[in-house]
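Spelled out from the first residue to the last, the chains are:
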Amino acid sequence: MSLLMQQHFSQTYIEKYLNNIYNYVLDTIEDEENLCNLLNLDYTNNNQNVDYSNILTQGIYLLRYAYAYIFEYKLMYTELLDMYEKNNINILSIGCGTCIDFDALLLLKDKLNKRFTKGLTYTGIDPVCWNDNLKHKYFTTDKKSKLNCIQSNLEDYCNNKDITKLIDVLVFPKSISEIY
Ligand SMILES: C[S@@+](CC[C@H](N)C(=O)[O-])C[C@H]1O[C@@H](n2cnc3c(N)ncnc32)[C@H](O)[C@@H]1O
């Protein structure tokens, strides 16, 4: 791990988080009869054919990308905080998956508490229900941060709502090219 990455992460959270996913994937693989289905798994090239509803597809995706993405999202939110002036914030994360970008926000908890004295609300939407066992057990929330996770696609969620009036920041965390 590079020095830069060490500075940005609390290793304990990330290690526990990835170990949990790793163990879950191992257990699931033992029960899986048709591992050949994974042969064609390809997350690259904006592949809209990835079946994110499959638990192994989710777990392998997270083992492959979560570590790097938390790092990226943490930097993204750090820059955002520097540009944003209000003392409360409503974030809508579209295609949130396991809400890795929320986990990244929690790594900035001390900074957030000082900045968002009136609170922070994060709403993540995704049509796929990502497995609870692969979610943020090791990232601690606090009273001021509110997490809503909603199973919905963008179109249904926006139906009859002017989200520009409700939301301060729209995030497409690695999802914009995969929205269907
Ligand atoms: C590459 S994954 C990204 C997951 C996560 N945000 C991350 O940081 O790793 C793309 C996600 O977009 C979701 N997605 C696809 N179409 C969508 C839609 N119409 N509305 C909301 N989410 C959608 C998929 O279900 C998938 O979970």
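What you see is a predicted model, and the numbers here were worked out from it, not measured in a lab.

1. Regarding the overall build of the chain
When you go through the chain residue by residue, the secondary structure sums to seven helices and four strands. When the elements of the chain are put in sequence order from the N terminus, they spell out α-α-α-β-α-α-β-β-α-α-β. Residues classed as buried in the chain amount to 23% of the 180 residues present. Put simply, of all contacts in the chain between residues at least 6 apart along the chain, 88% involve residues at least 24 apart.

2. As for the site of the ligand
Near the ligand you find 21 residues, and of these G95, G97, N153, P173 and S175 are the closest. Breaking the shell around the ligand down by element, the ones donating at least two residues are helix 3 (55–83), helix 4 (100–106) and strand 2 (120–126). Here the shell around the ligand is built from residues that sort into 13 nonpolar, four polar and four charged.

3. Details of the nonpolar core
Ranked by size, the top nonpolar core spans 28 residues in total, and within it I21, I70, Y73, I100, F102, A104 and L105 carry the most contacts. Elements represented by at least two residues in this core include exactly helix 2 (11–31), helix 3, strand 1 (89–94), helix 4 and strand 2. It is helix 3 that contributes the most residues to this core, six residues altogether. When near neighbours in sequence (up to four residues on either side) are disregarded, I70 contacts I14, I100, D103 and A104.

4. A look at the sheet that holds strand 1
Taken together, the four strands give an open sheet; going across it, the order is 3-2-1-4, and neighbouring strands pair in parallel fashion. In the strand order of this sheet, the two ends are held by strand 3 (145–151) and strand 4 (169–171), each with one partner. The mean angle between the axes of side-by-side strands here comes to 15 degrees, regardless of whether they run parallel or antiparallel. Sheet topology note: the strand 2/strand 3 ladder contains seven bridges and is parallel. Opposite D126, over in strand 3, you have Q151 as the bridge partner.

5. A look at unusual backbone geometry
In terms of backbone geometry, most residues other than glycine have negative phi values and most peptide bonds are trans. Not every positive phi belongs to a glycine, and N160 is a case in point at roughly 60 degrees. The backbone of K174 sits at a positive phi, close to 55 degrees, despite the residue not being glycine. Along the polypeptide, K174 turns up in the segment after strand 4.

6. Observations regarding helix 3
Maximum bend of helix 3: about 55 degrees, positioned at Y65. Those residues of helix 3 not exposed but buried are Q58, G59, Y61, L62, Y69, I70, Y73 and Y77.

7. A word on the pairing of strand 1
Where strand 1 lies against strand 2, six bridges are found, and the strand directions are parallel. Residue pairing in the sheet places N90 in a bridge with T121 of strand 2. Pairing geometry for strand 1 and strand 4, over three bridges, is parallel. Bridge pairing links L92 to L170 in strand 4.

Reading guide: rules and limits
- Residues numbered from 1 in each chain as written.
- Predicted model: local features only at pLDDT ≥ 70, side-chain atom pairs only at ≥ 80, totals over all residues.
- Helix = DSSP H or I, 4+ residues; strand = E, 2+ residues; numbered from the N terminus.
- Buried ≥ 20, exposed ≤ 12 C-beta atoms within 10 Å, placed from the backbone.
- Contact = placed C-beta atoms within 7 Å.
- Near = placed C-beta within 6 Å.
- Nonpolar A, V, L, I, M, F, W, Y, C, P; charged D, E, K, R; others polar.
- Core = buried A, V, L, I, M, F, W, Y, C linked by C-beta atoms within 7 Å.
- Pairing = 2+ DSSP bridges.
- Axes fitted to C-alpha atoms, helices over the stretch in contact; angles between N-to-C directions.
- Bend = angle between axes of the 7 residues up to and from the residue.

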